[in-house]
Each structure stands twice: as C-alpha cells, then as structure tokens.
Amino acid sequence: MVLPVVAYGHPVLKKPARDIDPSFPGLKEFIADMFETMYQSDGVGLAAPQVNQSIRVFVVDSTAFGEKYPETKDFKRVFINAKIFKYEGEEFSFNEGCLSFPGLREDIVRKPVIHIRYFDENFQLHEERIDGINARVIQHEYDHIEGIVFVDRMSSLRKMIIKGKLNDISKGNIEVAYRMLFPLLKKGKK
C-alpha cells in the first residue's frame, strides 16, 4: 500500500524517533509499504517519520545511481534502530532532494564514510563501514530518525532565500506526483 508522505512543517519530521523491537505490530507489512511508497515516489530512501510513524526505521535502495556510482549496484537495505557511531573522511557536497520537500534540491555537505550498527528486517544485527553515495543516502535517512531534515544542514542565509518555497511546500502550493500530507493545507483545498 502506498502511504502518504508528510511534507515539511509536519511536527513528526522534527521529533527524534523511538526504537522498536521485533514485536512491533505489522512491521513486515509496514516495511513493504515503505518500499512501495519510496518506489512510487521515485525516491532512493524513505524514513518512517516521513510516513507519519515516529519509529527508528528507514529503507534504502540506491541502485538507481548504479550507472554512475558502481558501489550502489544492488544496494537495498532495511535499517531498524540504526546508530551511526563514526564518521570519517573529508566532507563533500552533493545535490540532495527529499520526498518531504518535493521540487527542492540543495547541495548538502556530509562525510564520505560512516560506521553504522543496525538491525535488518529479520532483527539480525549488523555493523558495517559504508562509503560513497550509499553512506550519503543513509546519512540523509538517518537524519530523519534523529528529527533532522536536510534544510537544517543549510546555512541560515540559504534558508532565508528559500523560505517562500518552504512555505509553499507546507501549504501544499506545489505540484507533486505522489500522495502527501501538508501540515498547513487549508481545509477544503484540493
């Protein structure tokens, strides 16, 4: 089932998410719905807070970058209760987008290497060193479960420049090709 994506301005996006355990109700179906929502929205990652669930779950499938970045070939994962415990390397800028910010792309600076501990969809524990574009996609989704959105990583000046765009996103004054929940949408407006 395709879930509605919450737009910028929704309080769930600014709240650190909570850990879950294997008894979380409907987890397998929720993960399947997250992948379906991500694919239908042309995303490469999706975090539970983006579909109005404040839990530490996110999915990534960065294979769309496979032609340009070989490390992304067949990189499809589920991350539950993830914790990035080390960042390495010289920061680099990359143009990012976010399903909660349709139509907005910005250059964001991040580290190229992460060390992460997480559970997969079967609650098997993993600890990995991940680099390149995969590390970047994971950091973007990880921010969501920490209550951070990608515009929080921009300069104050840049945020002021795009303030009108951000307001339009919150109010639903944008064209979007997937289901969304807009926090400031006026009642009765379609």
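Residues numbered from 1 in each chain as written. Predicted model: local features only at pLDDT ≥ 70, side-chain atom pairs only at ≥ 80, totals over all residues. Heavy atoms only, no water.

Asker: Explain the sheet that holds strand β8 (residues 125-131) to me, please; I cannot follow it from the model alone.
Answerer: In sheet architecture, strand pairing relies on hydrogen bonds along the backbone and comes in two forms, parallel and antiparallel. Spatial ordering of the open sheet is given by β2-β3-β4-β7-β8, a layout of 5 strands whose pairing is antiparallel. Edge positions in the open sheet fall to β2 (45-47) and β8, since each of these has one partner strand only. Between one strand axis and the next, the sheet turns by 40° as a mean value, whatever way the strands run. Pairing of strand β4 (residues 76-88) with strand β7 (residues 113-119) involves 6 bridges; the strand directions are antiparallel. By the bridge assignment, Lys86 is partnered in β7 with His115. Sheet strands in contact with helix α1 (residues 27-40) are β2, β3 (57-61) and β4, and its direction is about 45° off that of β3. (Pairing = 2+ DSSP bridges. Helix = DSSP H or I, 4+ residues; strand = E, 2+ residues; numbered from the N terminus. Axes fitted to C-alpha atoms, helices over the stretch in contact; angles between N-to-C directions. Contact = heavy atoms within 4.5 Å.)

Asker: Looking at this structure, I do not really get α1. What am I missing?
Answerer: Spacing of three or four residues puts side chains on the same side of an α-helix, whose turn is 3.6 residues. For α1, which comprises 14 residues, the first-to-last C-alpha distance of 20 Å matches the rise-based estimate of 20 Å (1.5 Å per residue) to within 8%. Within the sequence span of α1, burial applies to Leu27, Phe30, Ile31, Asp33, Met34, Phe35, Thr37 and Met38. On its buried face, α1 sits against β1 (5-6), β2, β3 and β4. With its phi angle positive at about 60°, Asp42 sits one or two positions after the end of α1. (Expected span 1.5 Å × (residues − 1). Buried < 20%, exposed > 50% of the residue type's maximum accessible area, 1.4 Å probe, protein only.)

Asker: Hey, could you run me through the environment of Val109 in this one?
Answerer: Structurally, Val109 can be placed in strand β6 (residues 105-110). Overall, Val109 belongs to the partly exposed group, its relative accessible area being 42%. Residues Val109 and Ser93, 16 residues apart in the sequence, show an inter-C-alpha distance of 4.3 Å.

Asker: Whenever I open this one, the pairing of β4 confuses me. Can you help?
Answerer: A regular strand carries its side chains on alternate faces of the sheet. Here β3 pairs with β4 via 5 bridges, running antiparallel. Note that in β4 the partner of Val57 across the bridge is Ile80.

Asker: Looking at this structure, how should I read the environment of Leu46?
Answerer: Here Leu46 is to be found in strand β2. A C-alpha to C-alpha distance of 9.9 Å links Leu46 and Val78, two positions 32 residues apart in sequence. Leu46 has contacts with Met34, Thr37, Met38, Val51, Phe58, Val59, Leu99 and Glu141, leaving out every residue within four places of it along the chain.

Asker: Honestly, a nonpolar patch on the surface in this entry has me stumped. Any pointers?
Answerer: A surface patch of nonpolar side chains, amounting to about 360 Å² of accessible area, comprises Leu157, Met160 and Ile161. Inspection of the secondary structure assignment puts Met160 in helix α3 (residues 156-161). (Patch = residues over 30% accessible without salt bridge, like charges linked within 9 Å, V, L, I, M, F, W, Y side chains within 5 Å. Areas by Shrake-Rupley, 256 points an atom, 1.4 Å probe, with all protein chains shown as cover. Salt bridge = Lys/Arg side-chain N within 4 Å of Asp/Glu carboxyl O.)

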